[in-house]
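Take a look at the letters that make up each chain.
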Amino acid sequence: MVLTLSLLQSSNSCPKFLFLQKLHLKTILSLPQNFTFTLISMGPTYVLLLLLCLILLSSIPSHSVNIHPQEKTSLLTFKSWLQDPNQSLSNWVASNSNCTSWTGTTCDNITGKVVSINLTNMNLSGQINPSFCHLLSLIKVVLSHNNFTCPIPVCFGKLLSLRTIDLSHNRFHGEIPNSFIRLKYLTELVLNENSDLGGLLPSWIGSFSANLERIDLSFSSFSGGIPESLLYLKSLKYLNLENNLLSGNLVDFYQSMVFINLASNRFSGTLPCFAASAESLNMLNLSNNSIVGGIPACIASFKALTHLNLSGNHLRYRISPRLVFSEKLLVLDLSNNDLYGPIPSKIAETTEKFGLVFLDFSHNQFSGEIPSKITELKSLQALFLSHNLLSGEIPARIGNLTYLQVIDLSHNSLSGTIPLNIVGCFQLLALILNNNNLSGVIQPEFDALDSLKILDISNNRFSGDIPLTLAGCRSLEIVDFSCNYLSGSLNDAMTKWTNLRYLSLARNKFSGTLPSWLFTFEAIEMLDFSYNKFSGFIPDINFKGSLLFSARDVTVKEPLVAASKVQLRISVVVSDSNQSSFTYDLSSMIGIDLSNNLLHGEIPRGLFGLAGLEYLNLSCNFLDGLLPGLQKMQGLRALDLSHNSLSGHILGNISSLQDLTLLNLSYNCFSGYVPQKQGYGRFPGAFAGNPDLCLEFSSGGCDGGRVPSAQGSSFEEDEMDGPISVGIFFISAFISFDFGVIVLFCSAQARNYILQTKG
């Protein structure tokens, strides 16, 4: 209040108090004492002047604008063709002429004619009545994020005053009307996310308006090449044609651009230098095309560039040592190309406050060691070097990168151990080192990485046990220690991983009994302990836990190979207005794999009461006793109990288990008669090696244990060391940073990484 009054002291007339027009005298009289004291201290002249102006202004009614009668009629006719389930336009009524109370409309203060309509995100659908085009004073039309299902009206070409058209995120179809050529004042044309909007880009699109600054036609169906008129449009600053069907050689632009996104099209040819935009270009995204050749050193001359994405092309050759970017570059993605040779020792300039935030060189053929200078990129938050030919050790000073959130060095030939210095990356969310030649032990000090959500060191040569101190990593959701030389028994550290969703200890040397808490993780989706030396009994299911095993929606039917995804999203903030989202998709079934161990005793009945379980593999153990009924396992797709000592009759009818695709009960001691009506007849080979079992065939014959063993391998294939694990049923996953996609295989699971940068 004192600040406001000090401004008033310099005023000499009422017009300067217009911003107080709604303040009434009674408001002043009710002000606190210190405010009144301040008024008095101003002197009688100022107080009198202030009170007089406030009394006069309090009598002035608030300003309102009545919609022009003819335009109100046009709007009501436009509304009559719309479906408005949320009643967003309920105040568009004939009895109301006040423009300020009509949702989404703005009128001229003098004429009452509508100058702006913004109906974004109102769940509107239907078609646009031609009466809309009678609003000839419109400057701005925004109908984005709705469900309009019609061609773009040709009559929009009559709205000659239009500056902005935004029809994005709808279901408009057809082509851009040629009538748009009349809109000579248009500055923004935003039609993105209309998947059925397409055809050839009009040849006039770069010549009809000398004011056009922004064109966004992304995620549509436009084809052909880029019209030459766009290459010379001096006013153009922002061009987004991402995810269309455009083709032809990649061409240079001859104006000073700020934003160019041509990703996910069919462009070919070599990479131009974009010399006209060297001083202005902020964003260049050419990912997922068919660009060939090398990366010219001139690309590093961009002084304002913050985002460069060339991933998913056919770029080759070595990267020139002269290709050093300025400290303004935040995102550099060269993944999914054919680049080879050493990674340049210096990639970008860096300062204490500026430098690369995201670096992706994955899925190339880079060789040699990881340059130690990478550890000087102090701002780095995400480092992806996976799927290359890198060797040597992980840089010892990697812990200097204190902002790192994601490290992916998987699928290389790295050796040595994990540097203890890595605990300096205290913000780390994902550490992915699988498929290398790393060795050593899991250091107890790694508990300092208490934000870690993903820890994957599978397919390496790590030994020793799991340290108790890892109980400190309470945020872990995905843990994969498979295919190493780890040993010892399971300790209680794991019980602290309360968010655990995927745990694989497969193909190690773990021993001892399975703990009673094994099935108590509430969010768990996959447990794989196969190919170890666990002994003793299988603990019974704790129905208070294992919620995903017991309470999944089993109504959706998918092929067996369409495995479920354990999805985890990690966001990396690049700047105030940009965010890179790293999504880790682990494709696996919802299941339990305890195969190829030394387990004995009966199978707990609780396992067969899990309606959401898709996969259960207990094969190659020493289990005995009876087979519980399978009827409750409505989500079951694959079951392997082969190579045990199970006995008794095959009970229950499985004809209702429509999703069950693979069944193997072979090489047990089952006996009795199984009628065809129970549904087991569609898995005849699954009963091999049970000589006392009779399975009825359609012909009425009875045969079971005498079925050749080759037919009995419906769920497994013979290997030197026995049946293979769940891995044969996990689909290949796809890896994509921004827009690149490539297949990745890893042992008993498949992974899918997706990176999206949003502006």
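Residues numbered from 1 in each chain as written. Predicted model: local features only at pLDDT ≥ 70, side-chain atom pairs only at ≥ 80, totals over all residues. Heavy atoms only, no water.

1. Focus: the overall build of the protein chain
Here comes step 1: Of regular secondary structure, the protein chain possesses eight helices and 52 strands.
Here comes step 2: Evaluated residue by residue, the protein chain yields a buried proportion of 55% over its 759 residues.
Here comes step 3: Within the protein chain, counting contacts between residues at least 6 apart in sequence, those at least 24 apart form 55% of the total. (Helix = DSSP H or I, 4+ residues; strand = E, 2+ residues; numbered from the N terminus. Buried < 20%, exposed > 50% of the residue type's maximum accessible area, 1.4 Å probe, protein only. Contact = heavy atoms within 4.5 Å.)

2. Re the confidence of the model for the protein chain
Here comes step 1: Across the protein chain, the average pLDDT comes to 81, with 77% of residues at or above 70.
Here comes step 2: Contacts of residues 53–62 to residues separated by more than four positions or lying in other chains number 14 contacts, the stretch itself having pLDDT below 50. (pLDDT = per-residue confidence, 0-100.)

3. A few points about the sheet that holds strand S10 (residues 196–200)
Here comes step 1: Ordered by their spatial adjacency, ten strands build an open sheet running S8-S10-S12-S14-S16-S18-S20-S22-S24-S26, and the pairing between neighbours is parallel. What marks the edges here is a single partner per strand, and that holds for strand S8 (173–174) and strand S26 (389–390).
Here comes step 2: Inspection of the sheet shows S10 paired to strand S12 (residues 221–224) by three bridges, in the parallel sense. Following the sheet pairing, Gly199 is matched in S12 by Phe222. (Pairing = 2+ DSSP bridges.)

4. Re the sheet that holds strand S6 (residues 147–148)
Here comes step 1: Read across the sheet, three strands follow the order S1-S4-S6 without closing on themselves; strand pairing throughout is mixed. Two strands bound the open sheet, and with one partner strand each, they are strand S1 (82–83) and S6.
Here comes step 2: Across two bridges, S1 lies against strand S4 (residues 125–126) in antiparallel orientation. The residue bridging Gln83 from the neighbouring strand is Ser125, located in S4.

5. Some remarks on the nonpolar core
Here comes step 1: The biggest cluster of nonpolar side chains holds 175 residues, and the ones touching the most others in it are Phe132, Leu262, Leu332, Leu359, Phe481, Phe529 and Leu607.
Here comes step 2: Of all the elements in the fold, those that place two or more residues in this core are helix H5 (69–80), strand S3 (114–118), helix H6 (228–231), strand S47 (669–674) and strand S48 (692–696).
Here comes step 3: If we ignore the near neighbours within four places in the chain, the residues touching Phe529 are Leu490, Leu503, Leu505, Ala506, Leu514, Leu518, Phe534, Asp593, Leu594 and Asn597.
Here comes step 4: Counting residues in each nonpolar core, the second largest holds 18 residues, with Val331, Ile454, Tyr502 and Ala638 among its members. (Core = buried A, V, L, I, M, F, W, Y, C linked by side-chain atoms within 4.5 Å.)

6. A closer look at the environment of Cys620
Here comes step 1: Relative to the assigned elements, Cys620 resides in the loop between strand S42 (615–617) and strand S43 (622–626).
Here comes step 2: In sequence terms Cys620 and His643 are 23 residues apart; their C-alpha atoms lie 4.7 Å from each other.

7. Comments concerning the side chain of Asp216
Here comes step 1: Within the secondary structure, Asp216 is located in strand S11 (residues 214–216).
Here comes step 2: The charged side chain of Asp216 is buried without a salt bridge, its nearest counter-charge being Arg214 at 4.2 Å.
Here comes step 3: What Asp216 contacts, discounting residues up to four positions off in sequence, is Leu189, Val190, Leu191, Asn192, Tyr238 and Asn240. (Lys, Arg positive; Asp, Glu negative; His and termini not counted. Salt bridge = Lys/Arg side-chain N within 4 Å of Asp/Glu carboxyl O.)

8. Points about H5
Here comes step 1: An ideal rise of 1.5 Å per residue puts 16 Å on twelve residues; H5 measures up with 17 Å between its terminal C-alpha atoms.
Here comes step 2: For H5, the elements touching its buried residues are S1, strand S2 (105–107) and S3. (Expected span 1.5 Å × (residues − 1).)

9. Considering the environment of Gly126
Here comes step 1: Among the structural elements, Gly126 can be located in strand S4.
Here comes step 2: Distance from Gly126 to Asp84, taken between C-alpha atoms, is 9.0 Å for residues 42 residues apart in sequence.
Here comes step 3: With residues up to four places along the chain from it excluded, the contact list for Gly126 reads Trp81, Gln83, Asn147, Phe148, Thr149 and Cys150.

10. Some details on the pairing of strand S22 (residues 338–342)
Here comes step 1: Strand direction decides the pairing type here: strand S20 (residues 314–317) and S22, joined by two bridges, are parallel. Paired with Arg316 across the bridge in S22 is Asp338.
Here comes step 2: Strand direction decides the pairing type here: S22 and strand S24 (residues 365–368), joined by three bridges, are parallel. Across the sheet, Gly341 pairs through a bridge with Phe366, a residue of S24.

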